[in-house]
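Each chain, written out:
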Amino acid sequence: MNLLEEFKKNPGFVYRIGTDYYYIGKWICKPCTDEAVTDCHAMYEMCIQAKEPANAALYFQKLRAYSEFALDIPYNPAKILQDQTALVEALSDADIQSLTDQLRHFHDQAA
């Protein structure tokens, strides 16, 4: 899975990479430090692990909304691509696998 290509295809979402969180999507790439958002992501992960799809869907929608509210105006596609490229290049193999798994969950929830 080419992460940069996946980012270009998807709207913004909140992803966990190690202990850090990022808003990533075709219009955004920036760190997320808002505690309400990171707590929401923790709940989303717990619902997935507990196989509670209805609750996971609720938190999925909240995370999508949070990422839309985090967009920077004006839109700067060159900076977003630069930030995404730097982020991907700095990832460990474990981080790449984790992010790939999260993207699969994103596609499952979005479907």
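Heads up: the structure comes first, above all this text.
Quick caveat, the model's predicted, so the values are computed rather than measured.

## Section: the packing of helix H2 (residues 35-49) against helix H3 (residues 53-69)
Each pair of packed helices can be described by the angle between their axes along with the distance between the axes.
Stage number 1. The interhelical angle for the contact between H2 and H3, taken along N-to-C directions, is 150°, at an axis separation of 8 Å. Comparing the axis directions of H2 and H3 gives the class roughly antiparallel. Here the hand of the crossing between H2 and H3 comes out left-handed. Taken together, the residues of H3 that come into contact with H2 (itself represented by Ala 36, Val 37, Cys 40, His 41, Met 43, Tyr 44, Cys 47 and Ile 48) are Asn 55, Ala 56, Tyr 59, Phe 60, Lys 62, Leu 63 and Tyr 66.
Stage number 2. By residue class, the composition of the contact of H2 with H3 is 12 nonpolar, 2 polar and 1 charged.

## Thoughts on the pattern of salt bridges
Stage number 1. Here the structure, examined in full by the defined rule, presents 7 salt bridges.
Stage number 2. Close ionic contact of Glu 45 with Arg 16 constitutes a salt bridge, the shortest N to O distance being 2.9 Å. Residue Glu 45 is located in helix H2, and its partner Arg 16 is located in strand E1 (residues 13-17); the two are separated by 29 residues in the primary sequence.
Stage number 3. Of the charged contacts, one joins Asp 101 and Arg 104 as a salt bridge, the two residues approaching to 3.3 Å between their closest N and O atoms. With Asp 101 and Arg 104 both in helix H5 (residues 93-110) and 3 residues apart, the pair spans about one turn of that helix.
Stage number 4. A relative accessible area of 31% places Asp 101 in the partly exposed class.
Stage number 5. With a relative accessible area of 44%, Arg 104 lands in the partly exposed category.

## Quick look at the sheet that holds strand E3 (residues 28-32)
Stage number 1. Read from one edge to the other, the open sheet built from 3 strands follows the order E1-E2-E3, with strand pairing classed as antiparallel. Taken across any chain shown, the strands that pair with only one partner, and hence form the sheet edges, are E1 and E3. Adjacent strand axes in the sheet meet at a mean angle of 30° when their direction is disregarded.
Stage number 2. Each of E1, strand E2 (20-25) and E3 touches H3; the most contacted strand, E1, lies at about 100° to it.

## Structural notes on the side chain of Gln 84
Stage number 1. Checked against the element boundaries, Gln 84 lands in helix H4 (residues 77-89).
Stage number 2. Its relative accessible area of 2% is what places Gln 84 among the buried residues.
Stage number 3. A distance of 3.4 Å separates a polar atom in the side chain of Gln 84 from the backbone oxygen of Ile 28.

## Topic: unusual backbone geometry
Stage number 1. Omega for the peptide link from Ile 73 to Pro 74 comes to 5°, which places this bond in the cis form.
Stage number 2. Within the secondary structure, Pro 74 sits in the loop between H3 and H4.
Stage number 3. Within the chain, Lys 51 stands out as a residue other than glycine whose phi angle is a positive 55°.
Stage number 4. Note that Lys 51 resides in the loop between H2 and H3.

Definitions and cut-offs
Residues numbered from 1 in each chain as written. Predicted model: local features only at pLDDT ≥ 70, side-chain atom pairs only at ≥ 80, totals over all residues. Heavy atoms only, no water. Axes fitted to C-alpha atoms, helices over the stretch in contact; angles between N-to-C directions. Helix = DSSP H or I, 4+ residues; strand = E, 2+ residues; numbered from the N terminus. Parallel < 35°, antiparallel > 145°, perpendicular 65-115°, else oblique. Left-handed = near helix turned anticlockwise from the far one by under 90°. Contact = heavy atoms within 4.5 Å. Nonpolar A, V, L, I, M, F, W, Y, C, P; charged D, E, K, R; others polar. Salt bridge = Lys/Arg side-chain N within 4 Å of Asp/Glu carboxyl O. Buried < 20%, exposed > 50% of the residue type's maximum accessible area, 1.4 Å probe, protein only. Pairing = 2+ DSSP bridges. Polar contact = N/O pair within 3.5 Å; in protein donor to acceptor, adjacent residues only side chain to side chain.

All quantities given are derived from atomic positions and should not be read as evidence of function.
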